Each structure stands twice: as C-alpha cells, then as structure tokens.
Amino acid sequence: IYIDAMPSEVNNAPTNASVITTSSRASLFLHCNLIILPDSVNLIELIQMVSSIFTHYFSWADAVYEAIAKNMDLQAIMDITAPILKNPIYLTDSSFKMLASWGEEYAEVNPTWRYQRKYGYLPYQAMQNLAESGELKKLYNTPHAWKVTNSKGFSTLPFISKAIRKDGVHYGNFYIIEFNKPLDACDIELADYLGRVLSNALQGSLNYLESSSLYHVHFLEDIIEGTLTDK
C-alpha cells in the first residue's frame, strides 16, 4: 500500500499498486488501484495511523510466536488473540472437542455455546445437521479461512472457520463468532494467519492438536473415563 503524501512529485508506485491519494491528485496514478480521499484529509496523520495499526498486528504475531516458543498452552494463545478480534473465539480438535476459548458473555445468549463449554463437544443435533448438510466436510477440507453465514449446524450467528491442516491431514479448527462486532476481511486474514502458524507448529515437538482419524483421541478418552453423559 502506497500513501501519496509527497507535496508535489509523484511517488514511484508500480503499475496496479494500491495507492491512497486525494481527489486533486488521483489523475497522477491512472494505472494504480486507488483509494481516493478528500483533499482536506491530512495524509501525514494517515501514515501515522496506518503505521500504528501494522505495529499493533505485528505485536500480536510476535506474542503468538513467543507463546509457542515457550510451550504455552492453547488457552494462552486464545487469550493473546481475543483482544485483537473482540469476538468470541475457540479452537477444537478434529472431533470438534473444544480445546480453548474466549467469550464468556456469549454463553448468556447462545445455548449451543453453553453446551459446548460445559461438555466440550457440540450437541448431537448440531453435529447431525453439519453432517447431513455437507458442512462437516467443508469445515474439515476448506484450506483457507471463510465466513459461514447460513450454517445448518450453527444457525444463530455468522462465523469464520479456519481448518488447521498439515500434509493433507486435518488437525482441528479455529473459529471466530460474530457477536460483538461484524466480521470482516481483516478477521478472515487474521484467522488464516493464526491457522498457518499453528499448522507450522505441528512440524516440531509442540504438537498442540491430535491428528485426525476415524476414532478421535479426545473422544475415546472421554468415553473410557465415563465423562460423556449426553446422547
């Protein structure tokens, strides 16, 4: 992104670059993708604002890497991520077992969220709807983060799903639920980024998520220990 803050000369922006400029100077960038602002906008202040936003996001990314390097748990990564997204978020393994989450207030209005936080797993009806609608396969196999607006299994609010995959194997999912503010392209990009970081972490000894098979590790453990009491 180029910000046209030069007083007179034209910035040497390459063809098809994204340039933020003002109305009176837009004709100087005919071969670029333009964001045109009124002449009254102070572009120097805009540069400072954009710089602070990038610094904010880079600080989050550094904090996530540091948490992984220090072998901190998934909940710590969710706690680091929550302030930058400001919506309920959670991580699951391949059996949709909730491993870490943030967003206590969402439990007050959403029974599915309350159920999953209490028992760890999605309600049977939600899983059945996901399987019958074909969404379950999409949630497992869609490589990029995407916004889901008309889900059969999660009909209350839109959400972003990011499958965490490595070498063709599905390990889990990261979710952002639209509750406190509308989901946007920035949320999708951040979900993609975090998913890639967690996928790369699976290469080393810090294997945060169990690998996927027909019999999921956490699900079997809960059956053996007798902690599953619901259909």
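Residues numbered from 1 in each chain as written. Predicted model: local features only at pLDDT ≥ 70, side-chain atom pairs only at ≥ 80, totals over all residues. Heavy atoms only, no water.

(A) Geometry of a nonpolar patch on the surface. Taken together, the side chains of I1, F54 and F58 make up a nonpolar region of the molecular surface, amounting to roughly 380 Å² of accessible area. With respect to the secondary-structure elements, F54 resides in helix α1 (residues 43–69). Using a relative accessible area of 43% as the deciding quantity, one classes F54 as partly exposed. (Patch = residues over 30% accessible without salt bridge, like charges linked within 9 Å, V, L, I, M, F, W, Y side chains within 5 Å. Areas by Shrake-Rupley, 256 points an atom, 1.4 Å probe, with all protein chains shown as cover. Salt bridge = Lys/Arg side-chain N within 4 Å of Asp/Glu carboxyl O. Helix = DSSP H or I, 4+ residues; strand = E, 2+ residues; numbered from the N terminus. Buried < 20%, exposed > 50% of the residue type's maximum accessible area, 1.4 Å probe, protein only.)

(B) Seen up close, the packing of α1 against helix α6 (residues 185–201). Relative to each other, α1 and α6 sit at 25°, their axes nearing to 11 Å. Judged by the angle between their axes, α1 and α6 are roughly parallel. When the axes of α1 and α6 are compared, the crossing they make is right-handed. Residues Y57, W60, A61, V64, Y65 and I68 of α1 form the contact with α6, whose own contacting residues are C186, L190, Y193, L194, V197, L198 and A201. (Axes fitted to C-alpha atoms, helices over the stretch in contact; angles between N-to-C directions. Parallel < 35°, antiparallel > 145°, perpendicular 65-115°, else oblique. Left-handed = near helix turned anticlockwise from the far one by under 90°. Contact = heavy atoms within 4.5 Å.)

(C) Molecular detail of the environment of I160. Mapping I160 onto the fold places it in strand β7 (residues 159–166). If near-sequence neighbours (up to four positions away) are discounted, I160 is found in contact with A145, W146, K147, F174, Y175, I176, L183, D184, D187, I188 and A191.

(D) Up close: the packing of aromatic side chains. The full count for this structure, using the stated rule, is ten aromatic pairs. Every member of this aromatic cluster is reached through a ring pair, and the members are Y90, F96, Y106, W113, Y140, F159, Y175 and F179. (Phe/Tyr/Trp six-rings, centres within 6.5 Å; stacked < 30°, edge-to-face > 60°.)

(E) Quick look at helix α2 (residues 74–85). Between the first and last C-alpha of α2 there are 16 Å, a value that for twelve residues agrees with the 16 Å anticipated at 1.5 Å per step. Those residues of α2 that are buried are in contact with α1, β4 (89–93), β5 (98–102), β8 (169–177) and α6. (Expected span 1.5 Å × (residues − 1).)

(F) Seen up close, the pattern of salt bridges. All chains considered together, the criterion is met by six salt bridges. As a salt-bridge pair, E104 and R117 come within 2.6 Å of each other at their nearest N and O atoms. You can see E104 sitting in the loop between β5 and α3 (111–119) and its partner R117 sitting in helix α3, a full 13 residues away along the chain. The class for R117 is partly exposed, based on a relative accessible area of 29%.

(G) Highlighting the sheet that holds strand β6 (residues 146–148). Pairing is antiparallel across the open sheet formed by five strands, whose spatial order is β5-β4-β8-β7-β6. In this open sheet, the two edge strands, each paired with only one partner strand, are β5 and β6. In this sheet, adjacent strand axes meet at a mean angle of 20° when their direction is disregarded. Bridging between β6 and β7 involves three bridges; their strand directions are antiparallel. Residue pairing for β7: V148 is matched across the bridge by F159. Strands β4, β5 and β8 of the sheet are contacted by α2, whose axis makes an angle of about 35° with β5. Against the sheet, α6 engages β4, β6, β7 and β8, with an angle of about 25° to β7. (Pairing = 2+ DSSP bridges.)

(H) How the structure looks around the packing of α2 against α6. Two elements in contact, α2 and α6, have axes whose closest approach is 12 Å; the angle formed by their N-to-C orientations is 160°. The angle between the axes of α2 and α6 places the two elements in the roughly antiparallel class. Taken as a pair, α2 and α6 cross one another with a handedness that is right-handed. Listed contacts from α6 to L74, I77, M78, T81, I84 and L85 of α2 are D187, L190, L194 and L198.

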